[in-house]
Every structure is written in structure tokens, then in C-alpha cells.
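These are the residues of each chain, in order.
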Amino acid sequence: MQTMRKQIAAANWKMNLTYQQGEKLLDDILGESIKLFAHQQVIFAVPFPYLLMSRSEVADEYNYFVSAQNCYHKKSGAFTGEISAEMLHSIGVPYCVIGHSERREYFNETNAMLADKVNLCLENSVTPIFCCGEPLSIREAGTQNEYVATQLKESLFHLSAKDLKDIIIAYEPIWAIGTGKTATTEQAQEIHAYLRSVLAGQYGQHTADEVSILYGGSVKASNAAEIFACPDVDGGLVGGASLVAADFTEIIRSLKA
Ligand code: 13P
């Protein structure tokens, strides 16, 4: 690796915590005053109603940011209850998770729809944290590489190299999400290196080497350091363990220095 890629600990709170609990969790984590290096970032993907509060909590912290968990795939209009990328930008939200497996599964989000969301985010200066990852049946059939490559191709490969470099990718094997069953470090490294080779095939090695690829799926305080040490793993997207201050701070401390 030439210059160190961005190493990122991203919390995905999903639909958990009240406003007050969220505020206390941020206070507890930020109260640890973990100083980040220039190449390290911490991102909190919080529910929409907590974005402004969270943004002001991290405002004075170096390299701490907030993220939305989703946005709609249309620019604006009669879509009651939805949130646009432009709205996120207008309240100073710099990141948005796109295509989490729960959204793909429960809200029928397709690769084509996610391509539209990625475009709208980039048009509005919101950096997508683009999620990919295979279900258990695909892993058991041994076709996970083709599966994740198709997710990247259909949602990202229309982008220029310059835009691609602005994206964060999160590989989250669905069989490891919330199951306590983590990919082994060998499995994580292997597929992260593969994803990077797919990016290199389309955009060249130089561009591929600049894209941070996070691992998600049962990352815990106890396994984060081992997973993050893999050369092609650039941090994690963390669900359950991000809801406990002591666990998430340990995960932040596990980022490559
Ligand atoms: P868990 O860390 O709870 O397995 O969730 C992972 C995830 O889906 C993060 O987006």
C-alpha cells in the first residue's frame, strides 16, 4: 500500500435507540477523546431525526462525522415520507449508507435503484457508503465473487474514476450480519482483495488502491483488531456493537494506525 487508505470505523445504529439514548451514547464515546490520525475516520450512521443533534455533537471533533442510513432514489417530489440526498446535503450530512442488505431485502431495493441513489448522493456532495454482500445460499454455492462483482458493476461502474474514488464500499456478508458468525480473516481478506481487483479491472490499480473497503457483519470489540489488520480491510461497518460505548470505542482503537 502506498499512502495509507482511509481507515474507517462506521457505526450503523439501524432502527435502535431513543433520541436521549443516542445522545448519551455519543457523549460517552466522544468523552473517551480518542484522537484520530489524519487517515482515520469515525462515522455515525444514525436515524434521520437524530442527524442534526449528532452533527452538532461531532462538530468540534477531528475526523468524526455523521451519516444517514438511506435516502430516496428520486430527486424530489410527491414521495410522502421519503428523504432526498439534497435534503441531507442541506443539513450538512456528509455521508449516506446506500444499499444495506436490510434495505435490499425488506424494501426491495435493486442494483439499478441503488445506482440512482449513488448518483443523487454524488450530485449533492454526499459520499455514499455503498454496501454489497452475498446471502448464505450464494456463499454455500461458492459463487460469492460473481454475486458481489455484479452488485458493484450494476450500481457503480457507470461512474467516472474521479467519482468512484469518493465512494466508500462496505462488504457485508448477509450470513454474518447480526448472527454472531463473523467471516474468518481469510474469508474477509480474500473477498476484499477480490473486490479491489474488480475495481482495478474497471478503473486501474491506482484508483482501486484509493477506495476504502469496510467489512461488516458481527464486528465486535474482541475481533475488530484481527479483522482490520487484513491488508485489504480498511475498517468496519458495525451494527450491534456500535450501540455499546465501551465496545465501539475499542473498535475505533482497532483501526490500523
Ligand atoms: P452487526 O454488526 O450487528 O452484525 O450488523 C452489521 C451491519 O449490518 C452493519 O451495517
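Because the structure is predicted, anything quoted here is derived from the model rather than measured.

*Asks:* What is the right way to look at the overall build of the protein chain in this model?
*Replies:* Of the regular secondary structure elements, the protein chain holds twelve helices and eight strands. At 17 Å, the protein chain has a C-alpha radius of gyration in line with the 18 Å of a compact globule built from 257 residues. Across its three principal axes, the protein chain shows a C-alpha extent of roughly 45 × 45 × 35 Å. Within the protein chain, the proportion of its 257 residues that are buried is 54%. In the protein chain, the proportion of contacts linking residues at least 24 apart, taken out of those at least 6 apart, comes to 73%. By element, 52% of the accessible surface of the protein chain is carried by carbon and sulfur atoms, the whole surface being about 11200 Å².

*Asks:* In this structure, what is going on with the nonpolar core? I would like to understand it.
*Replies:* Soluble, globular proteins show a tendency: their nonpolar side chains are buried together. One finds F44, L152, L156 and F248 to be the most contacted residues of the largest nonpolar core, which totals 70 residues. The contact partners of F248, leaving out residues within four places of it in the chain, are A9, A10, A11, I29, V42, F44, V238, A241 and S242. Ranked by size, the runner-up nonpolar core spans twelve residues in total, among them I8, I43, I129 and C131.

*Asks:* Looking at this structure, how should I read the site of the ligand?
*Replies:* Surrounding the ligand, one finds 13 residues, the nearest of these being K14, H100, G178, S218 and G240. K14 is positioned with one of its side-chain polar atoms (N or O) 2.8 Å from an oxygen atom of the ligand. Between the ligand and the protein, one listed contact pairs an oxygen atom with a backbone N or O atom of S218 at 2.8 Å. Looking at the shell around the ligand, its residues break down into four nonpolar, seven polar and two charged.

*Asks:* How do you make sense of the pattern of salt bridges when you look at a structure like this?
*Replies:* Working definition: two side chains of opposite charge can pair if their charged atoms are close together. Per the stated rule, a full pass over the model turns up eleven salt bridges. In this structure, E102 engages K14 in a salt bridge whose closest nitrogen and oxygen atoms are separated by 2.8 Å. Within this pair, whereas E102 is found in helix α4 (residues 101–106), its partner K14 is found in the loop between β1 (7–12) and α1 (19–31), the two being separated by 88 residues in sequence. By sharing partners, the salt bridges in this structure join R5, R196, D232 and D234 into a single network.

*Asks:* Would you mind going over the side chain of S212 with me for this structure?
*Replies:* Locating S212 in the fold gives a position in the loop between α10 (205–208) and β7 (213–216). A polar contact is formed between the side chain of S212 and the backbone oxygen of K6, at a distance of 2.7 Å. When neighbours within four sequence positions are excluded, S212 is seen to be in contact with R5, K6, I8, I168, I169 and D234.

*Asks:* I would appreciate a short explanation of the packing of α1 against helix α12 (residues 245–253) in the present structure.
*Replies:* The relative placement of two packed helices comes down to the angle between their axes together with the axis-to-axis distance. Between α1 and α12, the least distance of the axes is 9 Å, while the angle of their chain directions is 45°. Between α1 and α12, the interaxial angle falls into the category oblique. Note that α1 runs across α12; the crossing there is right-handed. Mapping the contact onto sequence places L25, D28 and I29 in α1 and A245, F248, T249 and I252 in α12.

*Asks:* Any chance you could explain the pairing of strand β4 (residues 95–98) here in plain terms?
*Replies:* The side chains of a regular strand alternate between the sheet's two faces. The alternating pattern of β4 places Y95 and V97 and C96 and I98 on opposite faces, both of which are buried. In this view, the connection linking strand β3 (residues 64–68) to its parallel neighbour β4 by way of helix α3 (residues 85–90) has right-handed handedness. The pairing of β4 with strand β5 (residues 127–132) spans four bridges and is parallel. Pairing of Y95 across the sheet is with T127, part of β5.

*Asks:* What should I look at first to understand α1 in this one?
*Replies:* Each turn of an α-helix holds 3.6 residues, which means side chains three or four residues apart point in the same direction. Here α1 is 13 residues long and its end C-alpha atoms lie 18 Å apart, about the 18 Å a rise of 1.5 Å per residue gives. When we look at burial in α1, the residues that qualify are G22, L25, L26, I29 and L30. Summarising the axial view, the buried residues of α1 lie within an arc of 120°, below the 170-degree limit, and thus occupy one face. Seen from the open side of α1, the exposed residues pointing more than 90 degrees away from its buried face are Q20, K24 and G31. Its buried side turned inward, α1 meets β2 (40–45), α2 (51–58), β3 and α12. Positioned one or two residues after α1, S33 has a phi angle of 50°, which is positive.

Scoring rules and cut-offs
Residues numbered from 1 in each chain as written. Predicted model: local features only at pLDDT ≥ 70, side-chain atom pairs only at ≥ 80, totals over all residues. Heavy atoms only, no water. Helix = DSSP H or I, 4+ residues; strand = E, 2+ residues; numbered from the N terminus. Rg over C-alpha atoms; globule rule 2.2 N^0.38 Å. Buried < 20%, exposed > 50% of the residue type's maximum accessible area, 1.4 Å probe, protein only. Contact = heavy atoms within 4.5 Å. Areas by Shrake-Rupley, 256 points an atom, 1.4 Å probe, with all protein chains shown as cover. Core = buried A, V, L, I, M, F, W, Y, C linked by side-chain atoms within 4.5 Å. Near = heavy atom within 4 Å. Polar contact = N/O pair within 3.5 Å; in protein donor to acceptor, adjacent residues only side chain to side chain. Nonpolar A, V, L, I, M, F, W, Y, C, P; charged D, E, K, R; others polar. Salt bridge = Lys/Arg side-chain N within 4 Å of Asp/Glu carboxyl O. Axes fitted to C-alpha atoms, helices over the stretch in contact; angles between N-to-C directions. Parallel < 35°, antiparallel > 145°, perpendicular 65-115°, else oblique. Left-handed = near helix turned anticlockwise from the far one by under 90°. Right-handed = clockwise from strand over helix to strand, strands pointing away. Pairing = 2+ DSSP bridges. Expected span 1.5 Å × (residues − 1). Arc of directions from axis to C-beta.

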